[in-house]
Amino acid sequence: MAKDLAEALPPYRTKVVEPIPFLSAQERRRAMDDAGFNPFGLRADQVTIDLLSDSGTGATSAEQEAAAARSDESYAGARSWFRFRDEVADLTGYPHILPVHQGRAGERIVFGTLLKPGQICVSNTHFDTTHANVELAGAQAVDLPCPEALDLDEPAPFKGNIDLERLAEVLAGPDGHRVGLVLMTITNNGLGAQPVSMANLRAAAELARRHGVPFFLDAARFAENAWLITQREPDHHGRSPRDVATEAFGLADGCIASLKKDGLASIGAFIGLRDAELHARCEANLIATEGFSTYGGLAGHDLERLAQGLREVVEPAYLRSRAASTARLAAMINDAGVDTVQPAGIHALYLNAGRLLPHLQPHQFPGHALGCQLYLDGGIRCAEVGSLYLGTLDDQFRVVRPAPFELVRLAIPRRVYTDDHFRYVAAVISDIAKRAAEVPGYRIVSAPAILRPFKVRMAPVE
Ligand SMILES: *Cc1c(COP(=O)(O)O)cnc(C)c1O
């Protein structure tokens, strides 16, 4: 018993703390009114537990802050750059590394350089900014998730995989010559935070290579994916997550990695490349739009925190305790009778709002309704992943094509909340579940033409 608990214990203790706000029910109601019933419109100091995103929201370590204090802020050739570059090159094996301020800047530079208008980018699932940057490059984003990903209750180990049969068909089919990139997102953030197996990565890489198509990773959660490979793929049991991550990077021609997730810092990303000519073209774009190629829009102290963060994130004790913490939260929520996408991933849990609130139809946005209720009842902030985000609406905001599922995403910041916080989150969800039939639906008051969730204004339907 003690041994099991020790194995899942977080390998750190708290040194610096930040107060969290507690508002009355009346204050929360007023805050939601002012925010147009959109959690993105809340001020962070109106939120008690913030599960909106795991991006840039983690806690840094004493070693990261010590490294930041030692940073070199020289414009060109700073010591901090070389520390960062060596760390990334050692982890990934890529000979060419470019720093960028966040993942989407890397997407813009790589897709703008690599993809030609009319080409196709094929993925297990494009993340939303990734999808947008493929289209901004004039190309088309095609998602080929594996079939088991569409069964939310199926506990298959690697529901982030790409559908290899369909990938082979696309590459060999009439549009095959238009495929300009195969991009694997690890873990699959757009589809339930599910991991991709090494076998699937290897097979997808071989297919791409056979057709002469570049194969890249969108590696925002490379360490969490590596950990789940060591736990769920028998060939890789007992390996170190760092070795597994290095092997995955080794299968690809390059990568884009947002380090706001597995870099354990608040900002940063990198592009990794094998091809010298592609590197030279991306570097020119980087210098014109982000900054010189030894800082790429980042401060020296950011590069230092990231270099150290990349060491800490692959520590087995850290990954084991983080995975166990998310799994415990999932178990508490499931015990309260609320279903989550199975199996639990690491960086987020997805509540099945459509099933919990069967009295609400897609046009009443059950995911959004549950998310709002979590804030109104408990000061918990999270994001809808359902028809508000993914559905097709007409210009009167009527739902023409609903999303396949009505979900709420609880993203888990790294090294921030304790089991006490999560017990509270589960208790709020449990109370809502007991009077689920009373949760009201929502309607859209106004919405922007693109990137709807961020700026939409809503109102409850009484
Ligand atoms: C966060 C994320 C991005 C974009 O990175 P930013 O640093 O937020 O710009 C791209 N792909 C995936 C899978 C992500 O999770």
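Treat the numbers as computed from the prediction; the structure is a model and nothing was measured.

Caption draft 1: Region of the structure containing empty space enclosed by the protein. Under the defined criterion, the tally for this structure stands at one cavity of 30 Å³ or more. The computed volume of the largest cavity comes to approximately 40 Å³. Taken together, G58, A59, K260, K261, L264, A265 and R414 make up the full set of residues lining the largest cavity. Its residues assigned to classes, the lining of the largest cavity comprises three nonpolar, one polar and three charged.

Caption draft 2: Region of the structure containing the pattern of salt bridges. Taken as a whole, this structure holds 28 salt bridges when the rule is applied. Among the ionic pairs, D175 bridges to R178, the shortest N-O distance being 3.2 Å. Judged by relative accessible area, D175 falls into the partly exposed class, the value being 36%. Judged by its relative accessible area of 26%, R178 is partly exposed. The network of salt bridges with common partners includes D54, R221, E224, D262, R322 and R414.

Caption draft 3: Focus on the site of the ligand. Near the ligand you find 15 residues, and of these G103, R104, D218, S258 and K261 are the closest. Take R221: an N or O atom from its side chain is 2.8 Å from an oxygen atom of the ligand. Within the side chain of S258, a nitrogen or oxygen atom sits 2.7 Å from an oxygen atom of the ligand. Taken together, the elements giving at least two residues each to the shell around the ligand come down to α5 (103–114) and α6 (128–136). Per-element tally for the shell around the ligand: the top contributor is α5, with three residues. The residue inventory of the shell around the ligand, partitioned by class, reads two nonpolar, seven polar and six charged.

Caption draft 4: Structural view of the nonpolar core. Counting 56 residues, the largest nonpolar core has F84, L167, L201, F215, L217, F222 and F249 as its most contacted members. Structurally, this core is a two-domain feature, drawing no fewer than three residues from each of domain 1 (2–54 + 316–460) and domain 2 (62–312). Each residue touching L201, except ones within four places of it in the same chain, is listed here: M184, I186, V196, F215, L217, A248 and L251.

Definitions and cut-offs
- Residues numbered from 1 in each chain as written.
- Predicted model: local features only at pLDDT ≥ 70, side-chain atom pairs only at ≥ 80, totals over all residues.
- Heavy atoms only, no water.
- 1 Å grid on protein atoms, 1.4 Å probe; cavity = no way out; pocket = protein on both sides within 12 Å on 5 of 7 lines; lining within 4 Å.
- Points joined across faces, edges and corners; volume = space filled by probe spheres on them.
- Nonpolar A, V, L, I, M, F, W, Y, C, P; charged D, E, K, R; others polar.
- Salt bridge = Lys/Arg side-chain N within 4 Å of Asp/Glu carboxyl O.
- Buried < 20%, exposed > 50% of the residue type's maximum accessible area, 1.4 Å probe, protein only.
- Near = heavy atom within 4 Å.
- Polar contact = N/O pair within 3.5 Å; in protein donor to acceptor, adjacent residues only side chain to side chain.
- Helix = DSSP H or I, 4+ residues; strand = E, 2+ residues; numbered from the N terminus.
- Core = buried A, V, L, I, M, F, W, Y, C linked by side-chain atoms within 4.5 Å.
- Domains from an automatic or database assignment.
- Contact = heavy atoms within 4.5 Å.

Any functional reading would require information beyond the geometric quantities listed.
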